[in-house]
Amino acid sequence: MGPKRYVAHMSAPPGQRYRDDFPRFGLDQFANRVVEHVGEWSVAVGGDVADPLELTREALEAVPRVEQITDFHCVTTWSAKGLRWGGWRFHDVYEQILVSAAQPRDDATYLSLKGRDGYTSVLLLEDALAPDVLLADELDGEPLGVEHGAPLRLVAPKHYGFKNVKHLERLDLTKDTRLHKQMTPLAFMDHTRARVELEERGQLPAWLLRMLYRPLIDRTVRKFRDALDSRS
Ligand SMILES: Nc1nc2c(c(=O)[nH]1)N[C@H]1C(S)=C(S)[C@@H](COP(=O)(O)O)O[C@H]1N2
Ligand SMILES: [Mo]
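Residues numbered from 1 in each chain as written. Chains lettered and ligands numbered in written order. Predicted model: local features only at pLDDT ≥ 70, side-chain atom pairs only at ≥ 80, totals over all residues. Heavy atoms only, no water.

**Q** Please clarify how the pairing of strand E8 (residues 134-139) should be interpreted in this entry.
**A** When a strand is regular, its side chains alternate between the sheet's two faces. Across the six residues of E8, five count as buried, placing the element largely inside the fold. Judged from the five bridges that link them, strand E5 (residues 78-89) and E8 form a sheet pairing that is antiparallel. Bridge pairing in E8 places Gly 86 opposite Glu 138. Where E8 and strand E10 (residues 153-155) come together, three bridges link them in antiparallel fashion. (Buried < 20%, exposed > 50% of the residue type's maximum accessible area, 1.4 Å probe, protein only. Helix = DSSP H or I, 4+ residues; strand = E, 2+ residues; numbered from the N terminus. Pairing = 2+ DSSP bridges.)

Printed below as a string of structure tokens:
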């Protein structure tokens, strides 16, 4: 039997450590691109579809709202516990709106996502259609704030944070992953699926990426917090 003090961490996925807060986070180059709250919003949907469309809030209101409590895991090894998200299942939005209105082609097997700050990422459509993947506009019962992705963000809890695109501006259903390439400064940081349970952190062994990423957490949290605090 191991020492008692480790018991609290037993539920963390491999290589992850829980922290008490949920910091604003991301790649350095996005720290200063604070997306201020936008009143009216819609998300463009395109790619390999017959009919590109604008997904409006009004259209989403026809889809049942859901609430979900899930943990959040950043690839740099920090995790946040028990976040209560509100919004819509991407699966429901896809089945109830996108299939009939946009008519994606059969070979559109990727979901590319773009944020208003220019950040992009891509998921397998199959992964995005899992029941715990949300288009979220609420966090802990409040409208989503600028720090966590207003007005709408993706929440994909089984995938590392870098797939959970904030400030959604555009979705593409596509056969081509190059349309919105993963936003990684270095090739080894990329991973098509980035599943947390399998520790798919990137193109290098997970233990090595843990070691490279962990020292970056504190300074990144500070940088993102300072950028938010000093905005005019
Ligand atoms: N638009 C946008 N989405 C983004 C990022 C970003 O910089 N811009 N950073 C990603 C990374 S690396 C992480 S860990 C999470 C952080 O989400 P949070 O800021 O709500 O904690 O957002 C992801 N989605
Ligand atoms: Mo991250």
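**Q** I keep staring at the packing of aromatic side chains and nothing clicks. Help me out?
**A** Remark: the centre distance and the inter-plane angle together describe each pair of aromatic rings, the angle taken between the planes. If you walk through the whole model with that rule in mind, you get eight aromatic pairs. Where Phe 90 meets Tyr 94, the ring centres are 6.0 Å apart and the plane angle is 40°; that geometry is what we call tilted. Of this pair, Phe 90 and Tyr 94 are both found in helix H2 (residues 90-101), four residues apart, which corresponds to roughly one turn of the helix. Phe 90 sits in the buried class, given a relative accessible area of 0%. Its guanidinium or amino end placed over the ring of Trp 88, Arg 65 lies 4.7 Å from that ring's centre, counting from NZ or CZ. Sitting over the face of the ring of Tyr 18, Lys 81 holds its NZ or CZ atom 4.2 Å from the ring centroid. (Phe/Tyr/Trp six-rings, centres within 6.5 Å; stacked < 30°, edge-to-face > 60°. Lys NZ or Arg CZ within 6 Å of the ring centre and 35° of its normal.)

**Q** Any chance you could explain the site of ligand 1 here in plain terms?
**A** Near ligand 1 you find 20 residues, and of these Pro 23, Asp 117, His 148, Arg 153 and Lys 166 are the closest. Between Phe 25 and ligand 1, the recorded distance is 3.0 Å, taken from a backbone N or O atom to an oxygen atom. Notes on ligand 1: free accessible area 530 Å², of which the protein chains cover 98%. Class assignment for the residues of the shell around ligand 1 results in ten nonpolar, five polar and five charged. (Near = heavy atom within 4 Å. Polar contact = N/O pair within 3.5 Å; in protein donor to acceptor, adjacent residues only side chain to side chain. Areas by Shrake-Rupley, 256 points an atom, 1.4 Å probe, with all protein chains shown as cover. Nonpolar A, V, L, I, M, F, W, Y, C, P; charged D, E, K, R; others polar.)

**Q** So what exactly am I meant to see when it comes to the side chain of His 73 here?
**A** Of note, His 73 is situated in strand E4 (residues 66-73). On the accessibility criterion, His 73 (8% relative accessible area) is buried. A distance of 2.7 Å separates polar atoms of two side chains, one belonging to His 73 and the other to Ser 79. Here His 73 is in contact with Pro 13, Gln 16, Tyr 18, Trp 78, Ser 79, Pro 157, His 159, Tyr 160, Gly 161 and Val 196, once residues within four sequence places are set aside. (Contact = heavy atoms within 4.5 Å.)

**Q** Got a minute to help me understand the sheet that holds strand E7 (residues 120-124) in this structure?
**A** The strands making up a sheet associate through hydrogen bonds between their backbones, and the pairing can be parallel or antiparallel. Read across the sheet, five strands follow the order E3-E2-E11-E6-E7 without closing on themselves; strand pairing throughout is mixed. Edge positions in the open sheet fall to strand E3 (53-56) and E7, since each of these has one partner strand only. Direction aside, neighbouring strands of the sheet carry axes that sit 25° apart on average. Bridge count between strand E6 (residues 110-115) and E7: five bridges; the pairing is antiparallel. For Tyr 110, the partnering residue across the bridge sits in E7 and is Leu 124. (Axes fitted to C-alpha atoms, helices over the stretch in contact; angles between N-to-C directions.)

**Q** Can you help me understand the environment of Pro 143 in this one?
**A** Along the chain, Pro 143 turns up in strand E9 (residues 142-143). By relative accessible area, which is 63% here, Pro 143 ends up exposed. For the pair Pro 143 and Ala 62, spaced 81 residues apart in sequence, the C-alpha to C-alpha distance is 19 Å. Once residues within four sequence positions are removed from consideration, Pro 143 is found in contact with Asp 137 and Glu 138.

**Q** Is there a simple way to explain the nonpolar core in this structure?
**A** Membership of the largest hydrophobic core comes to 41 residues, with the highest contact counts inside it found for Leu 55, Phe 90, Val 93, Leu 98 and Leu 173. Of all the elements in the fold, those that place two or more residues in this core are strand E2 (42-47), E3, H2, E6, helix H3 (125-128), strand E11 (168-174) and helix H4 (206-213). If you tally residues by element for this core, the top one is H2, at five residues. Those residues in contact with Leu 55 that sit more than four places away from it in its chain are Trp 41, Ser 42, Val 43, Val 45, Leu 60, Val 93, Ile 97 and Leu 135. (Core = buried A, V, L, I, M, F, W, Y, C linked by side-chain atoms within 4.5 Å.)

**Q** Would you mind going over the pairing of E6 with me for this structure?
**A** With five of six residues buried, E6 lies mostly within the body of the structure. Between E6 and E7, which pair antiparallel one after the other, the connecting turn spans four residues, and Gly 118 there sits at a positive phi close to 95°. With six bridges connecting them, E6 and E11 associate as antiparallel partners. Bridge pairing in E11 places Gly 115 opposite Leu 168.

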